[in-house]
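# Per-entry structural report
Listed below, chain by chain, are the residues.
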Amino acid sequence: MNYKETASQILNGVGGQGNIENVYHCSTRLRFKLKDDAKANKTEIEGINGVIGVVNSGGQFQVIIGNDVSYVYRELPQSGDASTSNKETPSKKKFSAGSILEVIAAIFQPLVPAVSGAGMLKVLLLLCSMTGILSIDSQTYIILNNLADAAFYFLPVLVAYSTAVKFKSSVPLAMTVSAALLHPKITALFAEGNPLSLFGIPVTPANYGGQVVPIILIVLFMGYIQRFADKVSPSVVKIFLSPLIVILITGPVALLALGPIGVFLGNGLTEGILLIQQHVGFVAVAILAVLMPIFVSLGIHKVFIPIMVSSIANPGYDMLILVAHLCSNFAQSAASFAVATRTKNKSLRQLAISSGVTASFGISEPALYGVTMKLKKPLYAAMAGAGIAGIFAGLMQLKAYVTVGPGLASLPMFVGEDNNFLIAIITLIISFIATFIIARFIGFNDPVDSNAETVNTPGAQPEVNVSSQTAASGKTETVNLFAPLRGESIPLSEVSDEVFSKEMMGKGIAFLPEDNILYSPMDGIVSPLYKSKHALGLVSDNGVELLIHIGIDTVKMKGSGFKALVNTGDAVSKGDKLIEFDRDAIKAFGLDTTTMMIVTNTDQFSEIKGNSPASVQPGDAIMTLTKGEI
């Protein structure tokens, strides 16, 4: 992969540097916060070399790269540069589940390295004490243990930092107020058990070490006080008067109200999790393990980070999220290896092997996006195998002691003073073997190599029946597609957009429309209708996945000139009207009206033939797709 070229193409696909408000990366994804999502061309980005997939979820436009994500990220403009270029007036944000996920990810994602590193250090110290390398009474052990404990004890300060960054409050002031709650003299007063008061108001004693909820509440409140203080402070004394007002107001409110309330909420969350773990843990772990691929595919698995961080801080282990991840990761690995042992497609075999290895080390996205989701049946096998392992892990009350992605390299995260590590090994073996057996048993539609597939469009072919048919041998199945509009058909190679002309999205046919209505070329489900209404996907019961794209770069019109007659999830029949579009408006916008019909799962068919004359009417037989050996 040429990282610089890939980064440049992604930058162009998301609408250019001026459309990026912020960008960072996790273990497999570039996570963009865009000023205008409509400017991003998901289809174009998915066709870029090195891009596994694209997800727009949780207020983030996520481009899945895989293990090389950090190298691609380095070739992008720095987020600070991107966020300051081409400034626009920010639109008023709506409160939604997506915005909540965005806030959670922004607050807790930056803390994971510190918490994970400290957790692994504690595991190493435990191993050293168990093997006799270090005595728990030695100064070396005590110092290193305090170093590991620091990330958890001072977690409120870390949370204050990331929360202040997210909400654009003063980071030093947020850290100062949160640190005050952990000051030795304050904690000593709480420990004495004597009644405390501030300005004559009783202060509720609380242990703020390892707490996250009260700090988020305090920093949110502090942001409002800071803006008020900046407004009322004369410029000549603002440098000290504004922070003085912030500390004098926020500190007492934190001690008297927000801190105790936050501790109550945080402890309630912890107790609720412990109750689930103790009474229905095996059910909860199994359900999470089954659904984890769905959470990951939608990019919402980051919502679990605060639960994991809170659990590792108190009571010191997690028995739900990380355990479910262990089951799911090795299930994805096993499903990929099952595909590798069964497929005759050399490219798929190589991808499945590399993805299987990567998943076994805790990064499941390449396997999920590159193998199991595309083939579908291996995904079902992985979900079933993970669920079986989840039941065992839940019944045995498997515990994870470190917030890292469970995999072969991070297995010490399960080391404890009992048989916990052995239970973890058995869990991953169950997940792997169960998934592998199920995946081999149910099989999948093995795609042939792309260079063995052809699309022939020059001459007319005999029409075939509307319904799919099976040959006498039972080895082949033909599926027929029909013209979606009135106009002239042309080969994809004549389309001016390389994403289509070079068949990056798949094989298909293009049209020069002579009318303003798009019809359904088959029976199926709309999945999805794009926000700008210039394109939609269709999925049929017999496995055809279509993309119909009206015009080139028409996403720039942001829906102007397009009227959708269907919605995502609607069932449609051949010949149903899908979209009304204004050809004159498209041309007036300076864009090409050429319309493409692409079979996006081309690799599922052994042959794709064109049947069309140059001039077509809606309902004319236009393409024949063949599954199986021919």
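This text follows the structure it describes.
The structure reproduced in this document is the subject of the present report.

Parameters at a glance
- Residues numbered from 1 in each chain as written.
- Predicted model: local features only at pLDDT ≥ 70, side-chain atom pairs only at ≥ 80, totals over all residues.
- Heavy atoms only, no water.
- Helix = DSSP H or I, 4+ residues; strand = E, 2+ residues; numbered from the N terminus.
- Buried < 20%, exposed > 50% of the residue type's maximum accessible area, 1.4 Å probe, protein only.
- Contact = heavy atoms within 4.5 Å.
- Areas by Shrake-Rupley, 256 points an atom, 1.4 Å probe, with all protein chains shown as cover.
- Salt bridge = Lys/Arg side-chain N within 4 Å of Asp/Glu carboxyl O.
- Phe/Tyr/Trp six-rings, centres within 6.5 Å; stacked < 30°, edge-to-face > 60°.
- Lys NZ or Arg CZ within 6 Å of the ring centre and 35° of its normal.
- Patch = residues over 30% accessible without salt bridge, like charges linked within 9 Å, V, L, I, M, F, W, Y side chains within 5 Å.
- Pairing = 2+ DSSP bridges.
- Axes fitted to C-alpha atoms, helices over the stretch in contact; angles between N-to-C directions.
- Parallel < 35°, antiparallel > 145°, perpendicular 65-115°, else oblique.
- Nonpolar A, V, L, I, M, F, W, Y, C, P; charged D, E, K, R; others polar.
- Arc of directions from axis to C-beta.
- Polar contact = N/O pair within 3.5 Å; in protein donor to acceptor, adjacent residues only side chain to side chain.
- Left-handed = near helix turned anticlockwise from the far one by under 90°.
- Core = buried A, V, L, I, M, F, W, Y, C linked by side-chain atoms within 4.5 Å.

Across its full length, the chain holds 20 helices and 21 strands. Here the chain holds 630 residues, and 50% of them are scored as buried. For the chain, restricting intrachain contacts to residue pairs at least 6 apart in sequence, the fraction spanning at least 24 positions comes to 72%. If you sum the accessible surface of the chain, you get close to 28400 Å²; carbon and sulfur atoms cover 59% of it.

Looking now at the pattern of salt bridges. All chains considered together, the criterion is met by 5 salt bridges. When the shortest N-O distance is used, the salt bridge between K558 and D36 registers 2.8 Å. Taken as a pair, K558 in the loop between β14 (545-552) and β15 (562-564) and D36 in the loop between β2 (29-34) and α2 (42-46) lie far apart in primary sequence, 522 residues in all. On the accessibility criterion, K558 (49% relative accessible area) is partly exposed. Across the pair E607 and K609 runs a salt bridge whose closest N-O atoms are separated by 3.6 Å. A residue is classified by how much of its surface remains accessible, and K609, at 32% relative accessible area, is partly exposed.

Let us look at the packing of aromatic side chains. The final tally for this structure, using the stated rule, is 6 aromatic pairs. Measuring from ring centre to ring centre gives 5.0 Å for Y153 and F154, while their planes differ by 85°; the resulting arrangement is edge-to-face. A centroid spacing of 6.5 Å and a plane angle of 50° characterise the contact between F190 and Y208, whose relative ring orientation is tilted. Of the two residues, F190 is situated in helix α10 (residues 184-192) and Y208 in the loop between β6 (201-203) and α11 (213-232); the sequence distance between them amounts to 18 residues. A relative accessible area of 1% means that Y208 is categorised as buried. Members of the aromatic cluster, connected to one another through ring pairs, are F337, F432 and F436. Sitting above the plane of the Y317 ring, K399 keeps its charged end 5.4 Å from the centroid. For the cation-ring pair, K574 lies above F482, with the distance from its terminal atom to the ring centre recorded as 4.8 Å.

Most of strand β4 (residues 60-64) sits out of view: 5 of its 5 residues are buried. Side chains Q60, Q62 and I64 project from β4 onto one buried face, and the interleaved F61 and V63 project onto a second face that is buried too.

This next bit is on a nonpolar patch on the surface. A surface patch of nonpolar side chains, amounting to about 650 Å² of accessible area, comprises F282, V283, I287, L291, I294, I391, L395 and M396. Mapped by element, the contributors of at least two residues to the nonpolar patch are α12 (238-298) and α17 (377-395). Turning to its location among the elements, I294 is positioned in helix α12.

Moving on, we come to the sheet that holds strand β11 (residues 517-519). The strand order across the open sheet formed by 3 strands is β11-β17-β15, and the pairing between neighbours is antiparallel. With partners counted over all chains shown, the strands left at the sheet margins are β11 and β15, one partner each. Strand-to-strand twist across the sheet, computed as the mean angle between neighbouring axes with direction ignored, equals 20°. Two strands pair when backbone bridges link them, and β15 and strand β17 (residues 577-581) are joined in this way by 3 bridges, in the antiparallel orientation. Note that in β17 the partner of A564 across the bridge is I579.

Here the focus is the packing of helix α7 (residues 139-153) against helix α8 (residues 155-166). Contact pair α7 / α8: the axes reach a minimum separation of 5 Å and the direction vectors enclose 50°. Overall, the two elements α7 and α8 adopt an arrangement that is oblique. Across the interface between the two elements, A150, A151, F152 and Y153 from α7 touch L155, P156 and L158 from α8. When its residues are assigned to classes, the contact of α7 with α8 shows 7 nonpolar, no polar and no charged.

Moving on, we get to helix α9 (residues 171-180). Along α9, the positions that sit buried rather than exposed are V171, L173, A174, V177 and S178. Relative to the axis of α9, the buried residues are bounded by an arc of 170° and lie together on one face. Its side-chain oxygen placed 3.3 Å from the backbone nitrogen of L173, S170 serves as the N-cap of α9.

Relative orientation of the contacting elements α9 and α11 amounts to 135°, with a least axis distance of 10 Å. Taken together, α9 and α11 sit at an angle that is classed as oblique. At the point where α9 passes α11, the crossing takes the right-handed sense. Facing α9, whose interface residues are L173, A174, V177 and S178, α11 presents I215, I218, V219 and M222. Residue classes in the contact of α9 with α11 are distributed as 7 nonpolar, 1 polar and no charged.

The subject of this paragraph is unusual backbone geometry. Here the amide bond leading from S527 into P528 is cis, since omega sits at -5°, within 30 degrees of zero. Within the secondary structure layout, P528 lies in strand β12 (residues 524-529). Of note, K376 is a non-glycine position whose phi angle comes to about 70°, a positive value. With respect to the element layout, K376 can be found in the loop between α16 (365-375) and α17.

Summarising the element assignment, L173 is placed in helix α9. The class of L173 is buried, set by a relative accessible area of 12%. Sequence-wise, L173 and P243 are 70 residues apart; in three dimensions their C-alpha atoms are separated by 7.2 Å. Once residues lying within four places of it in the same chain are set aside, the contact partners of L173 are M222, P243, V246 and I247.

With that settled, the discussion passes to the nonpolar core. Counting residues in each nonpolar core, the largest one holds 83 residues, and the members touching the most others are F108, V159, L326, L398 and F414. Residues L518, V526, F581 and I622 belong to the second largest nonpolar core, which totals 33 residues.

Another aspect to go through is the sheet that holds strand β10 (residues 507-513). Note on sheets: strands pair through backbone hydrogen bonds, and any given pair is parallel or antiparallel. In spatial order, the strands read β16-β12-β13-β14-β18-β10-β9-β20; together these 8 strands make up an open sheet with antiparallel pairing. Edge positions in the open sheet fall to β16 (571-572) and β20 (615-616), since each of these has one partner strand only. Looking at chain direction, β12 and β16 are connected through 2 bridges and run antiparallel. Counted as the bridge partner of I525 is A571 from β16.

A few words on α16. Because each turn of an α-helix spans 3.6 residues, side chains separated by three or four positions in sequence point in the same direction. Among the 11 residues in α16, 9 count as buried, and that is most of the element. Residues of α16 that are buried: E365, P366, A367, L368, Y369, G370, V371, T372 and L375. Just beyond α16, the residue with positive phi is K376, at close to 70°.

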